[in-house]
Amino acid sequence: MSFRLDGKVAIVTGGGRGIGKAIAKRFAEAGANVVIASRKMESLEAAVKECAGLPGKVDAVQCHVGRADQLQSLVEEAEKLFGPIDILVNNSATNIGQGPALEVSDEALLKTMEVNVLSVHRLIRLLVPKMIARGTGGSIINLASIAGMRPQPGGLTYSFTKAGLIMMTRIWAIEFGKHKVRVNAICPGLIQTDFSEYFWKSEEHMARLKATQPLPYLGQPEEIAGAALFLASDESSYVTGTTMVIDGGATAK
Ligand SMILES: NC(=O)c1ccc[n+]([C@@H]2O[C@H](COP(=O)([O-])OP(=O)(O)OC[C@H]3O[C@@H](n4cnc5c(N)ncnc54)[C@H](OP(=O)(O)O)[C@@H]3O)[C@@H](O)[C@H]2O)c1
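Owing to the predicted nature of the structure, the values given are computational and were not obtained by experimental measurement.

Student: I'm lost on the environment of Phe160 in this one. Help?
Tutor: Along the chain, Phe160 turns up in helix α5 (residues 156-176). Here the alpha-carbon distance between Phe160 and Thr112, two residues 48 residues apart in the chain, equals 9.4 Å.

Student: How do you make sense of the pairing of strand β1 (residues 9-13) when you look at a structure like this?
Tutor: Within a regular strand, the side chains alternate between the two sheet faces. In terms of burial, β1 is a largely internal element, five of the five residues being buried. Side chains Val9, Ile11 and Thr13 project from β1 onto one buried face, and the interleaved Ala10 and Val12 project onto a second face that is buried too. As paired elements, β1 and strand β2 (residues 33-38) share five bridges and run parallel to each other. Paired with Ala10 across the two strands is Val34, which belongs to β2. Running through helix α1 (residues 18-29), the crossover from β1 to the neighbouring parallel element β2 is right-handed. The pairing of β1 with strand β4 (residues 87-90) spans three bridges and is classified as parallel. Its bridge partner being in β4, Ala10 is matched across the sheet by Ile87.

Student: What exactly am I supposed to notice about α5 here?
Tutor: Structural remark: α-helix, 3.6 residues per turn; residues separated by three or four positions point the same way. The end-to-end C-alpha distance of α5 is 30 Å, a good match for the 30 Å that 21 residues give at a rise of 1.5 Å each. Those residues of α5 that sit buried are Leu156, Thr157, Tyr158, Ser159, Phe160, Thr161, Lys162, Leu165, Thr169, Trp172 and Phe176. Where α5 is buried, its residues contact α4 (106-134), β5 (138-143) and β6 (181-188).

Student: Would you take a moment to explain the site of the ligand for this structure?
Tutor: Close contacts around the ligand come from 29 residues, with Gly14, Gly18, Ser38, Ala93 and Phe195 the closest. Tallying contributions element by element places α1 first for the shell around the ligand, with three residues. Counted by class, the shell around the ligand contains 10 nonpolar, 15 polar and four charged residues.

Student: Teacher, can you tell me more about the pairing of β4 here?
Tutor: Alternating residues of β4 divide into Ile87 and Val89 and Leu88 and Asn90, and every residue in both groups is buried. Pairing between β4 and β5: four bridges, direction parallel. Within β5, the residue paired with Asn90 across the bridge is Asn142. After leaving β4, the chain enters α4 and then returns to the sheet as β5, a path that is right-handed.

Student: Help me understand the environment of Ile124, please; the structure alone is not making it clear to me.
Tutor: Inspection of the secondary structure assignment puts Ile124 in helix α4. Residue classification places Ile124 among the buried residues on the basis of 20 C-beta atoms within 10 Å. Spatially, the C-alpha atom of Ile124 lies 9.0 Å from that of Trp172, the residues being 48 residues apart in sequence. Every residue in contact with Ile124, bar those within four places of it in the chain, is listed here: Ile140 and Trp172.

Student: Would you mind going over the environment of Gly97 with me for this structure?
Tutor: Within the secondary structure layout, Gly97 lies in the loop between β4 and α4. Separated by 12 residues in sequence, Gly97 and Leu109 place their C-alpha atoms 7.1 Å apart. The contacts of Gly97, once residues within four sequence positions are left out, are Val104, Ala108, Leu109, Thr112 and Thr157.

What counts and how
Think of each chain on its own: its residues are numbered from 1, step by step along the sequence as written. For this predicted model, a pLDDT threshold of at least 70 governs which residues receive local features, and a threshold of 80 or more governs which side-chain atom pairs are given and counted, while totals over whole chains, interfaces and linings are taken from all residues. Secondary structure is summarised from DSSP: a helix means a run of H or I of at least four residues, a strand means a run of E of at least two, and numbering begins at the N terminus for each. Buried residues are those with 20 or more other C-beta atoms within 10 Å of their own C-beta, exposed residues have 12 or fewer, and partly exposed residues lie in between; C-beta atoms are placed from the backbone. Here, any two strands with at least 2 DSSP bridges between them count as paired. Seen with the strands pointing away from the viewer, any crossover whose path from the first strand over the helix to the second strand runs clockwise is right-handed. Multiplying 1.5 Å by the residue count of a helix minus one yields the expected span of that helix. Note that contacts rest on C-beta atoms placed from the backbone: two residues are in contact if these are within 7 Å. To decide nearness, the C-beta atom of each residue is placed from the backbone, and the residue is near a molecule or strand if that atom lies within 6 Å of it. All amino acids are sorted into three groups, where Ala, Val, Leu, Ile, Met, Phe, Trp, Tyr, Cys and Pro are nonpolar, Asp, Glu, Lys and Arg are charged, and the leftover types, Gly among them, are polar.

See the structure below:
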C-alpha cells in the first residue's frame, strides 16, 4: 500500500482555486489523472497550467454543480478524457444567504441546498452504480465544515447543508460499504481562501483565533489536501463513514 494514486481517475469539483485546487494538485502529484470542474473556465485553465508537468494529468470541464444536466455532461466528459472514475471529491459550495435566520428566503435556502447537497447526491447517483458494476470500489470525499458540527449565528443555510452532508456521508457509507465504495467527509476549520475572507480579513476574528485556537494560525488549503490524499488512497482502505476534522484544534475544546 502507498499514498500513490497511479492509474486512478478523479473528479474534483471546485478544483480551480482554494482547497479544491490544492487537492487536485496533490492527487496529480500522486499520479492520478484529475478532472477539475466549476463555473469559471478562467480559473480552471490557470489551475490546469499550474499542474502541467506533474506525474498525473489535470484537465478542466466547465460545470455549474447546481444544474443536473451539467453534472451529467461533467461525468461524460471526464470519462471521455481519462476513463472510469475512481475518486470523487465534492468540494464546490456556496455560502449565500448568510444572515439572521428569520431573513433567510426560500430561494436562498433552496439554492444553497441545490449547490451544497443535491449536487453531491446527483453526482453520487451518476457515479456509484458504475463503481459498483465495475467491482473495483471507489472513494468519495465530501467537503463539509466544522460549521456543520456546531451552530453559528447567522449561518443557518450553510451550517444546515454541511450538517446534512455529514449525515448523508454516513448513510452512503453504510449502504455502499459492501461494494468497496468508501465515503468520507472532511470538516475544515478556517482555511485561507476566497470563500472565507470575510473571517480572516477581520482583525477581531483573527485575534480571537490566535488567542483561543490550539494551533494559533490560519489554516492553508494544502493542509487539507494531505487528508484528501489519505482518504483517496488505499492507505485508508478500512476507513468509511468518518468525518475528519482539520481545524487547528478549534473544536477540540
Ligand atoms: N475556506 C474555509 O475556511 C472552509 C472552511 C470549511 C469548509 N470549507 C469548504 O471547503 C470547500 C472549498 O471551499 P474553499 O474555501 O476552497 O472556497 P473557494 O476557494 O471559494 O472555492 C470554492 C470553489 O467552489 C466552486 N463553486 C462555487 N459555486 C459553484 C457552482 N455553483 N458550481 C460549480 N462550482 C462552484 C468555485 O468555482 P467557480 O467560482 O469557478 O464556480 C470554487 O472553485 C467548500 O465546500 C467549503 O464549504 C471551507
